[in-house]
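# Remarks on the overall topology
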Amino acid sequence: MRAFWREAIVKMLFQGLKKVAFAVCALLASSGANAQSMEEELLELVNLVRWENGQLPPLKGNALLDAVSEAHSQAMASRDFFAHCDLDTRLSPFERMRNGGYFYNSASENLAAGASGPAAVLSGWMNSTGHRAHILTTTHREIGVGYAFDFLDTNVRRDQDGDCNVDLVSNWTLQHYWTQDFGRRAGVYPLVIEREAYATAGCEVALYQYGVGSGNEARLSNDGVSWSEWEALQADRTWTLSGPAGSVATVYAQLRIAGVESEVSDQILLGASCGTAPGATPLFADSFD
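Since the structure is predicted, the reported quantities are computational estimates derived from the model, not experimental observations. (Residues numbered from 1 in each chain as written. Predicted model: local features only at pLDDT ≥ 70, side-chain atom pairs only at ≥ 80, totals over all residues. Heavy atoms only, no water.)

## Description of the state of the cysteines
Per the counting criterion, the structure on display carries two disulfides. Put simply, C203 and C274 are joined by a disulfide, and their sulfur atoms are 2.1 Å apart. Note on the C203 and C274 pair: the S-S dihedral is about -95 degrees, so by sign convention the disulfide is left-handed. In this pair, C203 is assigned in the loop between β9 (199-200) and β10 (204-209) and C274 in the loop between β15 (260-270) and β16 (280-282), connecting sequence segments 71 residues apart. Of the residues examined, C274 reaches a relative accessible area of 8% and is grouped as buried. Cysteines bonded in the protein are numbered consecutively along the chain; their disulfide partners then correspond to 1-2, 3-4. (Disulfide = S-S within 2.5 Å. Helix = DSSP H or I, 4+ residues; strand = E, 2+ residues; numbered from the N terminus. Buried < 20%, exposed > 50% of the residue type's maximum accessible area, 1.4 Å probe, protein only.)

See below:
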């Protein structure tokens, strides 16, 4: 009986330390709110490697997919498992996406553990056929990235055959947990500034706009009030940002696609002071669609 209570107390203390560790990590992350996160860096690298492999369209970061990915990485780290299926709730990636409010018509997921930084985890994925295919697909348009760190990592549970059951428990020290969720939603045509770079040193940037097609139109704005003229929707073009150095600039796009009007936007951190006059010039005549 004493052994039982001793084991229970040790387990409670261990779980308490893990909760404290995660709270400290969250506090440290919030204190650097203006710095680029590792998730944001990984998104930049993903779009860079897409450009280097056939000049593929950039993926747009999506807040819903970010939240789903982050939650799964945190779950794997805090509850010591590594699997696409949550081994405690038994939710699949697709169920987690739908529960998170992301209603896709196509979706996929990449996982990694053990890699301590964005470059390392992307290198591992690009050297794996299945993961590489997800990164370089032209089916998806949006992406979410989640990262979690657990320095008290121990007894990691694995599901090796995809049946959502524990097949192996290993005393690995993985510590770093990464989730990438990819998706595409019907009727959603993202706008991407500078291939989803975190910041720009100049005022003139490259835009990528999904939704190119016969008769489709678009117009752009830096403030959502003053707009450029309606014109044929172009996948690639340049645009001049406005705003003071150190601020977050927004580009708005109003779209007319198949007779339906919608509005999308994207943001980027300005490294220079930019004027206020909106203006655009074509970058490429063709599209990647």
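## A closer look at helix α2 (residues 38-52)
Under the 1.5 Å per step criterion, the end-to-end length of α2 is 21 Å for 15 residues, consistent within 8% with the ideal 21 Å. Residues of α2 that are buried: E39, L42, L43, V46, N47, V49 and R50. The arc that holds every buried residue of α2, seen down its axis, measures 160 degrees, which confines them to one face. Taken from the residues just after α2, G54 is the one with a positive phi, measuring 100 degrees. (Expected span 1.5 Å × (residues − 1). Arc of directions from axis to C-beta.)

## Remarks on the sheet that holds strand β4 (residues 142-149)
Backbone hydrogen bonds hold the strands of a sheet together, and the pairing may be parallel or antiparallel. Spatially, four strands are ordered β1-β4-β7-β3 in an open sheet, and the strand pairing comes out mixed. Taken across any chain shown, the strands that pair with only one partner, and hence form the sheet edges, are β1 (60-61) and β3 (106-113). Pairing of β4 with strand β7 (residues 176-184) involves eight bridges; the strand directions are antiparallel. Directly across from G144, in β7, lies its bridge partner D181. (Pairing = 2+ DSSP bridges.)

## Let's talk about the pairing of β4
The buried fraction of β4 amounts to seven of the eight residues, a majority that puts the element mostly inside the structure. As judged from the two bridges shared by β1 and β4, these two strands associate in the parallel manner. Within β4, the position partnered with K60 by the bridge is E142.

## Focus: the confidence of the model for the protein
Interpretation of the predicted coordinates at a detailed level should be avoided for regions scoring low in pLDDT. Residues of the protein with pLDDT of at least 70 account for 83%, and the chain-wide mean is 87. Low pLDDT, under 50, characterises residues 277-289; the predicted model gives this stretch 32 contacts beyond four residues in sequence or across chains. (pLDDT = per-residue confidence, 0-100. Contact = heavy atoms within 4.5 Å.)

## Overview of the side chain of N110
By the element assignment, N110 lies in strand β3. On the basis of relative accessible area, N110 is assigned to the buried category, the value being 0%. Separated by 3.3 Å, the side chain of N110 and the backbone oxygen of H131 make a polar contact. Of the polar contacts made by the side chain of N110, one reaches the side chain of H134; its length is 2.8 Å. Beyond its immediate stretch of four places on either side in the chain, N110 contacts H84, W125, H131, H134, I135, W178, T179, Q180 and F182. (Polar contact = N/O pair within 3.5 Å; in protein donor to acceptor, adjacent residues only side chain to side chain.)

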